[in-house]
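Summary of the model geometry
Read off the chains here:
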Amino acid sequence: MAEQEFTFGGEIVWSPTQDQVESTHLTRFMRQHGIKHYEELLARSTEDLEWFWNAMLQDLEIEFYQGYSKVVDLSAGSPWARWCVGGRMNIVHNLLDKWMGTAVEKRIAVRWEGEEGQPQVWTYGELNRRVCRLANALRRLGLGKGDVAGLFMPMGPELISAFLAVAKIGGVILPLFSGYGSGAIMTRLNDSEAKVLFTTDGVFRRGHKVSLKQTADEALSGCPSVRFCIVSRRTGQDVSWVSGRDFWLMDLCEAQPDSCPTEQTEAEDILMLIYTSGTTGRPKGAVHTHCGFPIKSAQDMRHGLDLQRDDVLFWMTDMGWMMGPWQVFGTLINGSAMFLYDGAPDYPAPDRVWDMVERHGVSILGLSPTFVRAIMKAGDDWLVKHPMPRLRSFASTGEPWNPTAWLWLFHQAGRGKRPIINYSGGTEISGGIVMGNWLSPLKPGAFAGPLPGMAADVVDEQGRPVRGQVGELVIRKPWIGMTRGFWKDPQRYLDTYWSRYPDVWVHGDWAAVDEDGLWYILGRTDDVIKVAGKRLGPAEVESALMRNPAVAEAAAIGVPDEIKGESVVCFAVLKPGEASTPALVDQLRSGVTEELGKALAPKAICFVRDLPKTRNAKIMRRVIRSVYLGRDPGDISSLENPAAVEEIRRVAGQ
């Protein structure tokens, strides 16, 4: 990799007060263990894995039916680390069972609102009763330990009860993106050999009813392993019905008792399969266990977000993206509350999210840079009406920030006082590699650094640590949340993450550390653009484009060039009222050239109405590049807006 001067960074714009530092979980944890500085905690947490993860299990008050004899067993090598060896547990005991009979039982666990309104609130006690009824019903159907259950539902309380009921009986949770087409659902159900599918009659989107049951039926026509389809009522639509296979969720649970024994499982029994899409080949099923994903989720919330018992966390997500399960596990282990929304985030007006944050007392709001860039177009007036007094911080993941959007969120929505806790990791991580926190200062788009327990580093092509320049993000030690491999494909798991350097996880992200020790994620390595030997992250080009007030969103890709190797092609979404004139093209090209140099001037700038994104608002640059070049874009089943693909084809003349 040719050396690249590190240009991200800037001035520190937020620092915690002494009172904020003193009140954090991190400060309490460090004092409890005689640790004076955060850097000392980071070092000890990765040098002594046994100590740190044992301390975290105790700090989170994780209860086992049978205690573990060893925290981690590395005898098979880092890729196949085994955790909580010999322990028996079911994570649902730590999410619900242990809270019954305590003050937490009467606290709110789930707040929900649908696009049409009609909010609901479930306490921990009510959630437990609903989960028990459904778990009893599933057992009456003959379902139990090891059976895979697909969840094809919108964000809502019924989804949470299904999610937890499957785990309670020892089943395997298979979260599915609620925007999937039938083919994507069929592929995942068949690969996992699922026995049951949960779905909903339909959803509301921008005031219209959209069927989910019809899509589920189309998928199930090719899924011989699925014996049952359990349907919740959401929109009241008429649905087709297969007698003996289809059941209404309410009817199944109506006569069931409010209590149900929780299945005792091994700590390393499979809890969940989350499928992630690749550029080629079938989707990868990341395997997660009872003592893995949930523990990492809860730790990240406690150490990064400083999630407190009275917090309400709203992460704008779908259960098919890892942040959905992450929110469920992390909030319930911590005894906190989650807020869920099922609907378009800007309907019926651009302030829908700000309005819900205010009305439901949301204290931590998780969002994506793409959402912020889109909502900025509506202007600041929508924010003035919503002071959001309980909101104390933002959090963000999904893709790199552009400084313009970050600063808008911080100054306009955050009033210059609410930190943005940046967060980056992945499905196979069970959360974050790097994250902000309440002890460290903030620069736009920066991370404080690795989370405790994550032995992260930035390296050059030879695997040597680098600072002040762009390198690859790696992890040098295993951690409790790491995936236990890919479902039925162990070699693909090794090839994907462990094949570059011995016992080192190569994550596939470009990263850098600046002179103040703050970290940055600059994009996926497969998104990198190499122009005349110079490696360029797309975020740098996109930031330059978005400094122009006419641009709402941008994406940059590299395309083959006979002379330079690759050239830059840009795609821009304009703000309402702006016109795609030749003069604007010249302005945008000049802006990129002035910021990045003449050699990196875009070959073409294309104007589109939308960019292909996943439900979590991540821009799919690999899809843009493939479609622009007339190639097969691979798996695009996770796209929220497939019509945007046709936009790219149109401008490319394909």
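Reference entry: report on the structure contained in this document. (Residues numbered from 1 in each chain as written. Predicted model: local features only at pLDDT ≥ 70, side-chain atom pairs only at ≥ 80, totals over all residues. Heavy atoms only, no water.)

What follows covers the overall build of the protein chain. For the protein chain, the count of helices and strands is 21 helices and 31 strands. Its C-alpha atoms give the protein chain principal-axis dimensions of roughly 70 × 60 × 50 Å. The contacts of the protein chain with a sequence gap of at least 6 include a subset with a gap of at least 24, amounting to 71%. Accessible surface, the protein chain as shown: approximately 23600 Å² in total, 49% of it carbon and sulfur. Here the protein chain contributes 72 positively and 79 negatively charged side chains, and the mean placements of these two sets differ by 2 Å. (Helix = DSSP H or I, 4+ residues; strand = E, 2+ residues; numbered from the N terminus. Contact = heavy atoms within 4.5 Å. Areas by Shrake-Rupley, 256 points an atom, 1.4 Å probe, with all protein chains shown as cover. Lys, Arg positive; Asp, Glu negative; His and termini not counted. Charge placed at Lys NZ, Arg CZ, Asp CG, Glu CD.)

Here we take up the nonpolar core. Membership of the largest hydrophobic core comes to 151 residues, with the highest contact counts inside it found for Phe-198 and Trp-354. The contacts of Trp-354, once residues within four sequence positions are left out, are Leu-365, Ile-375, Trp-382, Leu-383, His-386, Met-388, Phe-394, Trp-408, Leu-409 and Ala-413. Val-148, Phe-152, Leu-176 and Leu-220 belong to the second largest nonpolar core, which has 25 residues in total. (Core = buried A, V, L, I, M, F, W, Y, C linked by side-chain atoms within 4.5 Å. Buried < 20%, exposed > 50% of the residue type's maximum accessible area, 1.4 Å probe, protein only.)

Take the sheet that holds strand S19 (residues 393–396) next. The strands making up a sheet associate through backbone hydrogen bonding, with each pair oriented either parallel or antiparallel. Read across the open sheet, the 9 strands follow the order S5-S4-S17-S16-S18-S19-S20-S21-S22; overall the sheet is mixed. Looking at the sheet topology across the chains shown, the edges are occupied by strand S5 (117–123) and strand S22 (449–450). Of the pairings in the sheet, the one linking strand S16 (residues 312–315) to strand S18 (residues 364–367) comprises 3 bridges and is parallel in character. By the bridge assignment, Trp-315 is partnered in S18 with Gly-366. Across the sheet, helix H7 (residues 157–168) lies against strand S4 (108–114), S5 and strand S17 (337–342), angled at about 35° from S5, the strand it touches most. (Pairing = 2+ DSSP bridges. Axes fitted to C-alpha atoms, helices over the stretch in contact; angles between N-to-C directions.)

So yeah, pure geometry; function would need other evidence.
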